[in-house]
Structures are given as structure tokens and as C-alpha cells.
Amino acid sequence: MILNFYIRFSTEFGESLFVSGNHDALGNDDFTKAIPLQYFNEEFWQGRVEVPMTEFNSHDIQYRYILVEKDATQIVEWGDDRILDGNKITANQLVLIDTWNHAGLIENAFYTKPFQEVLLKTKLSSVKQKSPQNFTHEFRVKAPLLKDGEVLCIGGSGVQLGEWASTNPSTLSKDGNWWTIKVNLASEIFPIAYKYGVYNVDEKMFLGFEKGRNRTLNSSGIKSAHTIIHDGFAQLESPNWKGAGVAIPVFSLRSEGGFGTGEFTDIKLLVDWAKITGLKLIQLLPINDTTATHNFVDSYPYAAISTFALHPLYLNLDKVAGSKNAAVLKPLKKKQAELNNLPDIDYEAVMNVKFSVAGELYNLQKKEVLNNTRYFEFFDLNRHWLVPYAVFCYLRDKYKTADYTQWKLQSRFDESAIQALASPTEKHYDSIAIHYFIQYHLYLQLKEVTAYAHGNGIVVKGDLPIGIYRYGCDAWMSPELYNMDAQAGAPPDDFAVKGQNWGFPTYNWKKMQEDGFSWWRKRFEQMSEYFDAFRIDHILGFFRIWSIPLHAVEGIMGKFVPVIPIHLNELHQLGISFQADRYCKPYITDEIVNERFGAEASYVKNHFLLWNEGSFQLNADFDTQRKVEHYFAQLPETDKHLLIKAGLFDVISNVIFFEEEGSGLQQFHFRINMDQTTSFRDLDEITQQELKQLYINYFFRRQDDFWKKEAMNKLPGLKRSTNMLVCGEDLGMVPDCVPEVMRQLGLLSLEIQRMPKDPHKEFFHPADAPYLSVVTPSTHDMSTIRGWWEEDPAKTQRFYNLILGHQGASPFYCEAAINKEILVQHLNSPAMWSIFQLQDIMGIDEVLRRENPNDERINIPANPKHYWRYRMHVPLEELVNKTEFNKELRSYIKAGGR
């Protein structure tokens, strides 16, 4: 079989194209072995490949094209549905005329999991067409948004294409993702002009041809060849699909039969409410196990001890017990009611009860559960993470710490030793197997509720944290995949003026790439078990991460990695008289100490500083933030101690540059916001101006292409590994290259009204959102609409006049009508999704909303020890039965075209 490839693509000088596929002749999907194509003309590149006929007839061939840019960057086209079925092709030559499938095309989103399996899963009309016995050409094209009763048709020049007739046109049949038709064009005169159109088979009515210029087809010139034309997407004038969703952590759900926290089973009630109101999506925060310390600090959902294990917090004990063991729960009914009636979660109390009861149920059910077929299937599919995780939990509890470096045994992961430790013959086996038991039931419960959601036309969106817990199972198993000597975080912003230090190790991307990012692919595969879409938390981390040294506490001490540093020669060229001690060490004058510490200045000078040639330097016992933190952790938390600790943190960060480690004082990195330091303030004006220009170049110009390449080295392959809809949380200090990369890959951006990406605007208007985006008025890291309204009256006033278009003074409190107006504004946005925190939805009703808006906030990013304990104040059963409220909400959603 001779395959003649023709790909319609207009290249620039220096670019080249390749074809790759799942056969030896096409490189077996190894892009380094892809087959080079040759330039054919301004419209096409072409290539020829031979495949033994016996292999072709017994092997479906799937292929795609690769663009190699001038700088050797590879861009692989999107999709895996261009397939040749050898059993259905009798010719000995194929001419394949293809259209490049750009990943960023809007239509590709509709072939992702949520649309194909839930949202667009309807009975499409189709007319069975008799293929001519001898056909020469097969047309294939996609049209994801046809309505009920509609099919594609084709018309064009020549007899076989109906001479453009719109009455009784030739209709196409659906085959997988493609609409197809086979025709015999042997007697036609080429070139042929044609277009696809839409035909309503129920009303037997032609609705019109696609927009744009005619498509053209030339003769291949190859006799007896079978020609397949993959024409990409039909260019139809149909409105883009829009949907609305609700965002809430699982723990924040409340049901009448709850156990003091939201559980997976509560999602069913949320689905019922979503269906009533017309919402199409439920967005959750991370649901992985974070049990490291057995106290409230574990409530932080982004610090999972396993990126695969589900959190026992969400286990419904009644479901586990069933009717057979219901008696185990009867003595707990009073405690259950007590915990469930609390306004917020008592995390420690709930977890203590759940672990205790789960242990009782395990002892009663272990023989039955651990020996059933479905459990064996679950265990076998998940053993790669399940066994190490269960052993990790056992050792964590045995040694009373998740910090595996402190364990007497197994502080270094050894696969064979772990398997031996997990042997059913060991006396401690039950202490390990209980975690299999809990994970199995969590799996069953979550699978059941997601299936219920799908059955009701609702999709579920997960959250992929950017980091892993430093003392978790992932780091224990594969420390080489992480930079354990660094901490991930975020630079300063309006929400955290000192930056954020998440404490996670950063990723060793080079090591991860060695096996094709296997760890990430497994994460995606695990998420797709439950979710249809997911949000990549801090997607900027795939471009560069904010990396903070271990000796630092505050995020302001970090730098971006990877990054192109400042070279000493650049400073000299600008005429800056560089002195390492002045620029790279804390600048501490007598004036600065008095200014920062006030009445405590003398105490600070005597206890923490040393006088040295006209200025102070830090005592060696206090020359890092971590040392200072350790010292004050041993003292009472008085106002004096808090003031001095914060002041010392500021003094330590009072530098212009951080030296690049190992550079011999040749390379440097600007400290973020260095122009706000007293060190910068005391420089002469000329030096200040030169440093400012270099600072702007360092952060906002020189890195852009570099960071783009970093992202394109990771994100395209990871996106290809899943069919979930991928959304990126692209907030913060966003490089210019980020929007371009996200558009190129078809990743949905996040647009937040109070966080405009345009630096010249104070607010973002939802009407300006791109289609491939999610719009929202707030997230879990922010105050709700009502809380924000009261934070800054001057800003609220400007928002009231400019964005809402009202005249006069704004109300001090966010009345229901204002909240409603903001919600409707988002529903009317052109964005694919408008997603709201549940608190913001309930805010449109004066009676249903919570009394104090400050009680609605989920997280405060500036506080690394924040207690995540928010719960909705009304049970879901009550919300489902709020008929008038639900009817009103549904009307707003429908009016917004969602």
C-alpha cells in the first residue's frame, strides 16, 4: 500500500513538516522518527510512504502531522482521529488530502470528554447512504454543534455533487467524529468546487451552505488511487455553546444526614439542584488525601500526601456500613448531629471519628470486601500508588510524623522492601490494608456520584494542584523528580504583599522528561477516572515557578526558575558601581533600624545585629528568615515578639540582588519589588533609573521567549495525554507569552472581574472575555462578591459607576439586586463557561444569603496556616426545594444563552 500524504499548510522560510503514525513506516508515534515531507506548492506539503499490504489490511493506521519551526520547536497537530481502516480499503494506493488541525481551534473543545460523553451526547440524526460500488473519493469533515434533526450535506460543481442543487442534496453519514460520504468522481472535470451545508432531515429542508470561499479539489493524477479528504471543520454559522457552573469544595457541602463535613455522596444533591437551575458543571477543589499531621493544618487541600489517593474526609460511613453493619453507627448519632450542626467544619473531630469508625467497619468487612472481584480489579489497576500510599500512612502513624526523613526504617523508599512490608502475612497487615479498604470505598462512592452527574447532564470539573507536599508519599517514592532544596510559591500581589510560600518542592522537569513525564500522565489518567474537565492550578508554573530557598520564609525572597540572570558585565555597561556587599547583602543602617523598629530599636541592635564599619550586619544566629522563625517559635507570641520578627524578616529581605549560586559573583537576580526597599531608596537617582530599566527588562522582556519554550516543552504532550477539557488558572504576574501559548493549545483561560490582565484597567468586564475562557466574579482565594464590595468603598464606587453603569453613590452593602446584576453580567459573557462560587449564587437572594459575608470566605492566601473550614449554611435538601429562587436563577441562566 502506497500512502501519498498531502497536508494543506502554509509554512514560513526555515520551517518543515513531518508525518508520524502508529506503524513502523511512520515511526511508531516516536516523533524523532517521523517521516519528513517535501514542499509541494504554496498550499501543500507532500510525502510518500509504503506499507506492506498484509500489515495495512490488519492494522488500523492513525497518523498526524508535526511542524518543526525555525528554532527546532516541535508543534504537533491536535487530535488522534485521522484513521485508515485497512479492512475497508481495496485500492493499492491512497491519496490523503488533509487539513492541519490547530489545537487552538474552538471546535476542538467540543471533542473533549465533557462534550462527547455528556453535554453533546444526543441522538444525532443520520441518513444511511448507499456508497457507490466503485467510488474514487471519500470526504470527511467535522461539525460538532449540529442540532437535533440536522445532518451535513455536500454540494458543488459536477454531476456527482449535484451541480450546487439545494433540493435533495447528498447527505453525509456519521462515522465516529467524522461526517463522511463516498462518491465516484472518475468522470468529473477537475478542479471541483464544493461546500458543505446543513440539511434538516425531519423537515426535509436545506438550511444553507457553510460560509467562506468554495473548497477546491484537484485531480491527484494517480490512476486507481482511492482519495480521502480530511476537510477539518465545516465552517457553519452556529452560535458557540455556552454553559454555567457552580464551584464549591466538597468539604463545604452540607446535607441533613452529614457528618460535620461535605462528603462525596452529597454531590448527588448538588447535581439535583444544578439540574433544576440549568447549571451544567460542578467544579470542586482538590480531593486528594492531605493527612500529614492529624490536625487542622491538614485542611489545606493543596498539600496532598498523595496525588492519587482520595481524602478519607469525604467517606460516607453509612454507605460503607450498609444495612448489615448499620448498628456500628447508632451510638454516634448524637455526635454526628452535634458536628453537623456546627456552622463550620471541626476538621480534627470529624477525622478522628471517621478513622475510628472506618477501622471498626474494616474489621467487620475485611474478609468480604478484600476478596471480591471488583476490589481485586481496583487494587490491580491502582497498585502502583496504592501499596506505597498505604505503607506510607502506616509508617506515618507508627513514627508519629509524615516527615519520612525522621523514620527509623524505610526513610528511603525501596520497592522490594515496601512490598515485603505490605505482605498479608505480616502481623501489621491490617494497619496497611485498612487504607486499601478506605480508598476502595472512596473510589466506589465517587464513581457512583460522577455517573449520577453524567446521567443528569452535569459534568464534573476537578482541580490539579501545581505542587506536592514536601513530606508526602510522592516525594518519598521519587525524590529525584523534585527539587527538595527549594520551595514553590508566588511573588507578591494585592492579596499577599510579601508573596506566598507554599512550602512545596519545585519540579525537576529535566528528570521528569526522561520518561516522557510519566508521573504527570498517570495523574491525568487518575483524574479522568472521575472528572470531565480540570483546572491547572497556577499554570504559570509550567512556564516558570517562583522558587524560594529553604532558608527563607517569605515569598518575597524568591526568584523565577528557570530564568536568564543579570550578568555583572551588564551592570558595568550601565555605569553602575557594583559592590557585592551593598547590593546582595541586607542593607542595615542606624536610620533604617530606628525607622523599622521604633521603641524596640535598641533591643534589636543589642540582640540581633552587629556594628561593622558604619553599618549593621546580622548576627550569624539570625542571618536567615528561617533562623529567626525558629528562634521566635520558642518564645511567647507577644506583640513585641511579632513586631521584631516581622521587622527582622524585612531587614533580611532588604537587598537589591540575589546572587546566582555558584556564579562567583558574576550573575544575579533582582529581588522582586526591589524599588520599594530602603536599600534602593538610599541609592543615587541615576543608579536608581538604570536599575529600574534593567529590572523591567529582567522581569518583563528578556525571559519571554525562554519561558515560552519551557511551556511548549511540557504542556502540548501533557494535553495530548488526556481528553479532559483543560482550563488554566493564569493569574498573577503573567508573562506576555502565556496568553499566546494558551490560545495555541486551546487551553481555557480564567478571567476574573477584579483581576484584569490589562495593566491599564482597574476592572475586567465579562463582555470582553475570549470564548475559550471561564469567567467568574470570585474564587476560593478571594472574598465573595458581597465581601469584596465592603473592602474598599472608593474602589466599589468606581466599579458601581464604570462597570455597572449606575450614577450616584454606591450602596455601602452589596444588596441582592447588585449581586444579581454582577451574576447576570457574567452569564451574558461570550465566554464558554461562567462559573460561580455557591456563595455568590445565594447572594442574589436577601433571605437565602448568609448574614455576614465575611463568614463566606474559603481561603486567605496571605495566611499559610489558614484553617479551611467553610460550610454552606443551609442544607442542600433545603436549597433543592427553594422553588422560587431556583426558578429565578434558571431564568437568568437561560437568558444568558447558557
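Residues numbered from 1 in each chain as written. Predicted model: local features only at pLDDT ≥ 70, side-chain atom pairs only at ≥ 80, totals over all residues. Heavy atoms only, no water.

**Q** What should I look at first to understand the overall build of the protein in this one?
**A** Assigned secondary structure in the protein consists of 29 helices and 37 strands. Taking 29 Å as the expected radius of gyration for a compact globule of 898 residues, we find that the protein reaches 31 Å, a close match to that expectation. Expressed as a percentage of the 898 residues in the protein, the buried residues total 56%. In the protein, the share of contacts with a sequence separation of at least 24, taken over all contacts with a separation of at least 6, comes to 73%. (Helix = DSSP H or I, 4+ residues; strand = E, 2+ residues; numbered from the N terminus. Rg over C-alpha atoms; globule rule 2.2 N^0.38 Å. Buried < 20%, exposed > 50% of the residue type's maximum accessible area, 1.4 Å probe, protein only. Contact = heavy atoms within 4.5 Å.)

**Q** How should the pairing of strand β36 (residues 773–776) be read in this particular structure?
**A** Regular strands place side chains that alternate from one sheet face to the opposite one. By the alternation rule, side chains of β36 split into S773 and V775 and V774 and T776, which are all buried. Summarising the sheet, strand β35 (residues 749–752) and β36 pair through four bridges and their orientation is parallel. Bridge pairing links S749 to S773 in β36. Summarising the sheet, β36 and strand β37 (residues 833–837) pair through two bridges and their orientation is parallel. Directly across from V775, in β37, lies its bridge partner S834. (Pairing = 2+ DSSP bridges.)

**Q** Would you mind showing me how to read helix α23 (residues 737–745) here?
**A** For α23, the set of buried residues is C737, V738, V741, M742, Q744 and L745. Viewed along the axis of α23, the buried residues span an arc of 160 degrees, placing them on a single side of the element. Among the residues trailing α23, G746 stands out with phi positive, at a value near 70 degrees. (Arc of directions from axis to C-beta.)

**Q** Just to check I follow, could you spell out the environment of E729 for this structure?
**A** Within the fold, E729 resides in the loop between β34 (725–728) and α23. Not counting residues within four places of it along the chain, the set of residues in contact with E729 comprises R535, I536, D537, H538, I539 and L750. Here R535 takes part through its side chain, which lies 3.5 Å from a polar atom of the side chain of E729. (Polar contact = N/O pair within 3.5 Å; in protein donor to acceptor, adjacent residues only side chain to side chain.)

**Q** What am I meant to see in the sheet that holds β37 here?
**A** Consider a sheet: its strands pair through backbone hydrogen bonds, and that pairing is either parallel or antiparallel. The eight strands are arranged β34-β26-β21-β20-β19-β37-β36-β35 in an open sheet whose pairing can be described as parallel. Strands at the two margins of the open sheet, each flanked by one partner only, are β34 and β35. Averaged over all pairs of adjacent strands, the angle between their axes in this sheet comes to 25 degrees, without regard to strand direction. (Axes fitted to C-alpha atoms, helices over the stretch in contact; angles between N-to-C directions.)

**Q** Please clarify how the nonpolar core should be interpreted in this entry.
**A** Considering soluble globular proteins, one finds that nonpolar side chains tend to be buried as a cluster. In terms of nonpolar packing, the biggest core is built from 217 residues, with W273, Y436, W520, F670 and L691 touching the most fellow members. Of all hydrophobic cores here, the second largest spans 29 residues; its members include I97, V141, L185 and I192. (Core = buried A, V, L, I, M, F, W, Y, C linked by side-chain atoms within 4.5 Å.)

**Q** Quick question: what am I supposed to make of the sheet that holds strand β1 (residues 2–8) here?
**A** On the basis of which strands lie adjacent, the open sheet formed by eight strands has the order β4-β5-β1-β9-β18-β10-β14-β13 and mixed pairing. Either end of the sheet is taken by a strand with one partner, and the two such strands are β4 (38–39) and β13 (173–175). In this structure, β1 lies alongside strand β5 (residues 44–50), joined through seven bridges in antiparallel fashion. Paired with R8 across the strands is F44, a residue of β5.

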